Amino acid sequence: MKYGIVTGSSRGIGLATVELLTKDLEFNVIGSSTSGNNPLDNSNFKCLELDLSSSDSIDKFVENLGDIKLDFLINNAGVLLEKWDASEINMEQLKKTFNINVFGTIELTEKLLPLFTPNAHVINITSDWGSFSEQNFDAFQPHYKMSKAALNMYTKLLAKRLEDRNIIVSSLDPGWTQTDMGGKIAPRLPKDVAIDILNLLNNDVESGRFWHQGKVREW
Ligand SMILES: NC(=O)c1ccc[n+]([C@@H]2O[C@H](COP(=O)([O-])OP(=O)(O)OC[C@H]3O[C@@H](n4cnc5c(N)ncnc54)[C@H](OP(=O)(O)O)[C@@H]3O)[C@@H](O)[C@H]2O)c1
């Protein structure tokens, strides 16, 4: 049996991921949403309330996990608060974005570290928009892009730190995907990304890498 967490499992990529993982009864998955509700109703799945912008909520989430060991953590929950054509810095939005995509995600991960089994896998869902090597770079969505770039650096740092425990830490760029965040005309479907995540979990991969559709990509 493999035990793990997928944050932000109520919609989009997170929902498709818990649907795919829990088809296999070898997986026992805890998901999260800000309300605690989830459309998925499987015996090997439960959803807990989690608001990554609140330390109290993170503490309660970890407390509610009880006495378990974790084989994986998929840090999928995230927000994109700015409009598609926004390039100006809005300090309130920047702080809100970092509170969820960076500070809350890191705080949760750090509080879960004692629960990880040897060979556990942490996958941070970041983005090509958090990449320094992106060819089609533009000035839009600055808060989101900076937050995903920061999370990519956390992947590299944590991978180094956890080398001795044999814990794998990866970033995954899903590509533009049809969700509430990605909109309706995106080329990828949430279930395509769920397959990428499952493959990454099932493979014995090198730690501290940035993945896209099964291949290592440039940071
Ligand atoms: N879609 C794309 O094109 C795309 C591309 C690159 C990267 N990504 C990344 O992929 C991940 C999933 O994106 P998505 O497109 O599936 O997004 P989505 O459909 O908007 O779903 C976002 C998920 O995050 C949760 N969430 C939002 N605010 C939260 C908070 N304060 N605390 C905890 N959870 C919170 C939501 O829970 P509630 O339902 O309770 O609000 C929901 O489950 C994100 O990290 C995103 O940045 C997406």
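Figured I'd write up the structure that's included with this text. All residue numbers here refer to positions counted from 1 along the written sequence of the relevant chain. Local features in this predicted model are restricted to residues whose pLDDT is 70 or higher, and side-chain atom pairs enter the listing and the counts only when it is 80 or higher, whereas totals over whole chains, interfaces and linings include all residues.

## As for the overall build of the protein
Secondary structure is summarised from DSSP: a helix means a run of H or I of at least four residues, a strand means a run of E of at least two, and numbering begins at the N terminus for each. Secondary structure summary: the protein contains 5 helices and 8 strands in total. Listing the helices and strands of the protein from first to last along the sequence gives β-α-β-β-α-β-α-β-α-β-α-β-β. Throughout, radius of gyration means the C-alpha value; the globule benchmark is 2.2 Å times the number of residues raised to the power 0.38. For a compact globule of 219 residues, the expected C-alpha radius of gyration is about 17 Å, and the protein comes in at 16 Å, within 12% of that figure. Oriented by its inertia axes, the alpha-carbon framework of the protein measures out at about 45 × 35 × 30 Å. We call a residue exposed when 12 or fewer other C-beta atoms sit within 10 Å of its C-beta, buried when the count reaches 20 or more, and partly exposed for counts in between; the C-beta positions come from the backbone. Split into buried and exposed, the 219 residues of the protein put 41% on the buried side. Contacts are defined on C-beta atoms placed from the backbone: any two residues whose C-beta positions lie within 7 Å are in contact. Partitioning the contacts of the protein with sequence separation of at least 6, the portion at a separation of at least 24 is 65%.

## What to know about the nonpolar core
By definition, a nonpolar core groups buried Ala, Val, Leu, Ile, Met, Phe, Trp, Tyr and Cys residues that connect through C-beta atoms lying within 7 Å of each other. Counting residues in hydrophobic clusters, the biggest one holds 42 residues, and the most contacted among them are Ile74, Val122 and Ile197. Beyond its immediate chain neighbours, meaning those up to four positions away, Ile74 contacts Ile5, Val6, Thr7, Thr17, Ile123, Ile125 and Ile197.

## Comments concerning the site of the ligand
Neighbouring the ligand are 29 residues; Gly8, Gly12, Gly78, Thr179 and Gly182 lie closest to it. Of all the elements, helix 1 (residues 12–21) adds the most residues to the shell around the ligand, at 3 residues. When residues are grouped by polarity, Ala, Val, Leu, Ile, Met, Phe, Trp, Tyr, Cys and Pro land in nonpolar, Asp, Glu, Lys and Arg in charged, and all others, Gly among them, in polar. Partitioning the shell around the ligand into residue classes produces 11 nonpolar, 15 polar and 3 charged. Each residue gets a C-beta atom placed from its backbone. If that atom is within 6 Å of a molecule or strand, the residue is near it.

## Quick word on the packing of helix 1 against helix 5 (residues 190–202)
Throughout, an axis means a line fitted to C-alpha atoms (over the contacting stretch in the case of helices), and angles, computed between N-to-C directions, take values from 0 to 180 degrees. Axis separation between helix 1 and helix 5 bottoms out at 8 Å; the angle between their running directions is 60°. Considered as vectors, helix 1 and helix 5 are oriented oblique to each other. Helix 5 is crossed by helix 1, and the crossing has right-handed handedness. Along the contact surface, helix 1 presents Gly12, Ile13, Leu15, Ala16, Thr17, Leu20 and Leu21, while helix 5 presents Pro190, Lys191, Val193, Ala194, Ile195, Ile197 and Leu198. Here the residues of the contact of helix 1 with helix 5 are counted per class, giving 11 nonpolar, 2 polar and 1 charged. Roughly parallel means an angle under 35 degrees; roughly antiparallel, over 145; roughly perpendicular, 65 to 115; everything else is oblique. By definition, any crossing whose near helix is turned counterclockwise from its far helix by less than a right angle is left-handed, and any crossing with a clockwise turn is right-handed.

## Looking at helix 5
For an α-helix, the turn length of 3.6 residues means that residues three or four places apart are oriented alike. Over its 13 residues, helix 5 extends 18 Å from the first C-alpha to the last, a length consistent with the 18 Å expected when each residue adds 1.5 Å. Listed in full, the buried residues belonging to helix 5 are Pro190, Val193, Ala194, Asp196, Ile197 and Leu201. For helix 5, the arc enclosing every buried residue in end-on projection is 160°, short of the 170-degree limit, so these residues lie on one face. Elements that come into contact with the buried residues of helix 5 comprise helix 1, strand 4 (70–75), strand 5 (116–125) and strand 6 (168–172). Here the expected span of a helix is defined as 1.5 Å times the quantity of residues minus one. Taking the helix axis as origin, the arc is that swept by the directions to the C-beta atoms.

## Points about the packing of helix 2 (residues 55–65) against helix 3 (residues 91–112)
Packing of helix 2 against helix 3 brings their axes to within 10 Å, and their N-to-C directions diverge by 30°. When the axes of helix 2 and helix 3 are compared, the pair comes out roughly parallel. Once helix 2 is placed against helix 3, the crossing between them reads as right-handed. Of helix 3, the residues touching helix 2 (which contributes Ser55, Ile58 and Val62) are Gly104, Glu107, Leu108, Lys111 and Leu112. The residue makeup of the contact of helix 2 with helix 3, split by class, is 4 nonpolar, 2 polar and 2 charged.

## Things to note about the pairing of strand 6
Counting buried positions along strand 6 yields 5 of 5 residues, so the element is predominantly enclosed. Covered by surrounding structure in strand 6 are Ile168, Ser170 and Leu172 together with Val169 and Ser171, the residues of both alternating faces. Handedness of a crossover is defined as follows: with both strands directed away from the viewer, a clockwise route from the first strand across the helix to the second makes it right-handed. Handedness of the crossover is the feature at issue here: the chain leaves strand 5, passes through helix 4 (residues 142–161), returns alongside strand 6, and the resulting connection is right-handed. Strand pairing follows a simple DSSP-based rule, namely that at least 2 bridges must link the two strands. In this structure, strand 6 lies alongside strand 7 (residues 209–212), joined through 3 bridges in parallel fashion. Bridge pairing links Ser170 to Arg209 in strand 7. For the crossover from strand 6 across helix 5 to strand 7, the handedness is left-handed.

Geometry only, nothing functional implied.
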